[in-house]
Amino acid sequence: VSARSQRGGFPRHVAIVMDGNGRWAEARGLQRLRGHLEGARVVREVTTCCRKLGIPYLTLYAFSTENWARRATEVRGLWALLERFLHEEGATLIQQGIELRAVGDLERLPPAVKARLKQVMDQTRGLTGMRLTLALSYGGRDEIARAFRRMASAIEQGRLHAREIDERQVARYLDTADLPDPDLVIRTGGEHRVSNFLLWQIAYSELFITDLLWPSFSRAALRRALVWYAGRKRRFGR
Ligand code: IPE
Ligand code: IPE
Ligand code: MG
């Protein structure tokens, strides 16, 4: 990611909990999936906007480990929507120089989604305009448990010693090993909770919560969050 994109008062890494699609649809007497469809449009808008602003890392919470417990029709609809999104957006991502990555338990993804995701990740590998990370079948606790498993096998194989485990080592075993911690977390939909998103990584993130439902989020709303962030005094406990 180019150093050029770094500016004073700008977050390097913005992470978003895109909540409220269902409520947006229900308030209009529409199916929840219509809300998700509208949400996908906002994903495009916000991604392009962050790219233009020169934010190097954008991470979007699209599907949590808990979301698997939703009705089968909604779960299927969400994955179908993501597959379509990946089909339609591949070219745009390349054109905008955006590298696509994913975090989460990707083994659980439907095979067609997994295949398409891999394809777009391969096509965009090494692009330096911005890194877009999708959190898919993602849970912070699940990620930490998987990291423990990998660390334990590294110890069993003699590649790691217990005494070497410190915060830096732990971070290396997480899905986000090559991402800086989020500076700014935005949550739409008005809930004041973390919902299992990036538990380790948000230790010192600034949290911006808006009542806007995700389909009603916009460039203007993003700009308001960035202005708010620029006014924060980050002390990191000092
Ligand atoms: C967020 O919107 C999208 C996902 C969790 C996949 P919701 O579907 O949670 O919408 P609400 O919170 O029910 O309104
Ligand atoms: C968080 O929203 C997960 C995503 C945005 C993908 P949820 O709607 O699943 O979270 P809760 O149920 O409000 O905590
Ligand atoms: Mg929700």
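Up top is the structure these notes are about.
Remember, it's a predicted structure, so these values are computed and weren't measured experimentally. (Residues numbered from 1 in each chain as written. Chains lettered and ligands numbered in written order. Predicted model: local features only at pLDDT ≥ 70, side-chain atom pairs only at ≥ 80, totals over all residues. Heavy atoms only, no water.)

**Q** I tried to follow the overall build of the chain on my own but got confused; where do I start?
**A** Tallying secondary structure elements over the chain gives seven helices and six strands in all. Ordering the α and β elements of the chain from the N terminus gives β-α-α-β-α-β-α-β-α-α-β-β-α. Viewed in the frame of its principal axes, the chain has a C-alpha envelope of about 55 × 40 × 35 Å. Here the contacts in the chain between residues at least 6 apart in sequence split such that 76% fall between residues at least 24 apart. If you sum the accessible surface of the chain, you get close to 12300 Å²; carbon and sulfur atoms cover 51% of it. Side-chain charges in the chain split into 40 positive and 26 negative, and the spacing between the mean points of these groups amounts to 4 Å. (Helix = DSSP H or I, 4+ residues; strand = E, 2+ residues; numbered from the N terminus. Contact = heavy atoms within 4.5 Å. Areas by Shrake-Rupley, 256 points an atom, 1.4 Å probe, with all protein chains shown as cover. Lys, Arg positive; Asp, Glu negative; His and termini not counted. Charge placed at Lys NZ, Arg CZ, Asp CG, Glu CD.)

**Q** Help me understand the sheet that holds strand β1 (residues 13-17) in this model?
**A** Pairing between the strands of a sheet comes from backbone hydrogen bonds, and it takes one of two forms, parallel or antiparallel. One open sheet accounts for six strands, arranged β3-β4-β2-β1-β5-β6; its pairing is parallel. At either margin of the open sheet sits one strand with a lone partner, and together these are β3 (98-103) and β6 (206-209). The average angle at which neighbouring strand axes cross in this sheet is 20°, direction not considered. As defined by bridge partners, strand β5 (residues 184-187) adjoins β6 across four bridges and the pair is classed as parallel. Within the sheet, the bridge partner assigned to Arg187 lies in β6 and is Ile209. (Pairing = 2+ DSSP bridges. Axes fitted to C-alpha atoms, helices over the stretch in contact; angles between N-to-C directions.)

**Q** Help me understand the site of ligand 1, please; the structure alone is not making it clear to me.
**A** For ligand 1, the set of nearby residues contains 13 residues, the closest of which are Asp19, Gly22, Arg23, Arg32 and Arg70. Between ligand 1 and the protein, one listed contact pairs an oxygen atom with a side-chain N or O atom of Asp19 at 2.8 Å. The separation between an oxygen atom of ligand 1 and a polar side-chain atom of Arg32 is 2.9 Å. Those elements giving two or more residues to the shell around ligand 1 turn out to be α1 (21-26), α2 (32-53) and α3 (72-95). For the shell around ligand 1, the per-class residue count stands at three nonpolar, five polar and five charged. (Near = heavy atom within 4 Å. Polar contact = N/O pair within 3.5 Å; in protein donor to acceptor, adjacent residues only side chain to side chain. Nonpolar A, V, L, I, M, F, W, Y, C, P; charged D, E, K, R; others polar.)

**Q** Sorry, what's going on with α3 here?
**A** The α-helix winds at 3.6 residues per turn, so residues separated by three or four positions along the chain end up facing the same way. The end-to-end C-alpha separation of α3 is 35 Å, in line with the 34 Å expected for 24 residues at 1.5 Å each. Where α3 bends most, the angle comes to about 50°, and this point is Glu89. Every buried residue belonging to α3 is among Glu74, Val75, Gly77, Leu78, Trp79, Leu81, Leu82, Phe85, Leu86, Glu89, Gly90 and Leu93, and all of these are buried. Where the residues of α3 are buried, they touch α2, β3, α4 (111-124) and β4 (130-135). Gly97 sits one or two residues past α3 and shows a positive phi near 70°. (Expected span 1.5 Å × (residues − 1). Bend = angle between axes of the 7 residues up to and from the residue. Buried < 20%, exposed > 50% of the residue type's maximum accessible area, 1.4 Å probe, protein only.)

**Q** Honestly, the packing of aromatic side chains in this entry has me stumped. Any pointers?
**A** Per the counting criterion, the structure on display carries nine aromatic pairs. Taking the centre distance of 5.0 Å and the plane angle of 70° together, the rings of Phe63 and Trp68 count as edge-to-face. By relative accessible area, which is 21% here, Trp68 ends up partly exposed. Seen from their ring centres, Trp68 and Trp79 are 5.5 Å apart, and the 35° between their planes marks the pair as tilted. On the criterion of sequence distance, the pair formed by Trp68 in the loop between β2 (57-61) and α3 and Trp79 in helix α3 is long-range, its members being 11 residues apart. Judged by its relative accessible area of 5%, Trp79 is buried. What links up through ring pairs into an aromatic cluster is the set Tyr61, Tyr138 and Phe197. (Phe/Tyr/Trp six-rings, centres within 6.5 Å; stacked < 30°, edge-to-face > 60°.)

**Q** Would you mind showing me how to read the site of ligand 2 here?
**A** Lining the immediate environment of ligand 2, one finds Val17, Met18, Asp19, Tyr61, Ala62, Phe63, Asn67, Arg70, Arg187, Arg193 and Ser195. Here an oxygen atom of ligand 2 sits 2.8 Å away from a polar atom, N or O, in the side chain of Arg193. For ligand 2, whose accessible area on its own is 390 Å², the fraction buried by protein is 78%. The residue makeup of the shell around ligand 2, split by class, is five nonpolar, two polar and four charged.

Remember that the coordinates give geometry; whether it matters functionally is a separate question.
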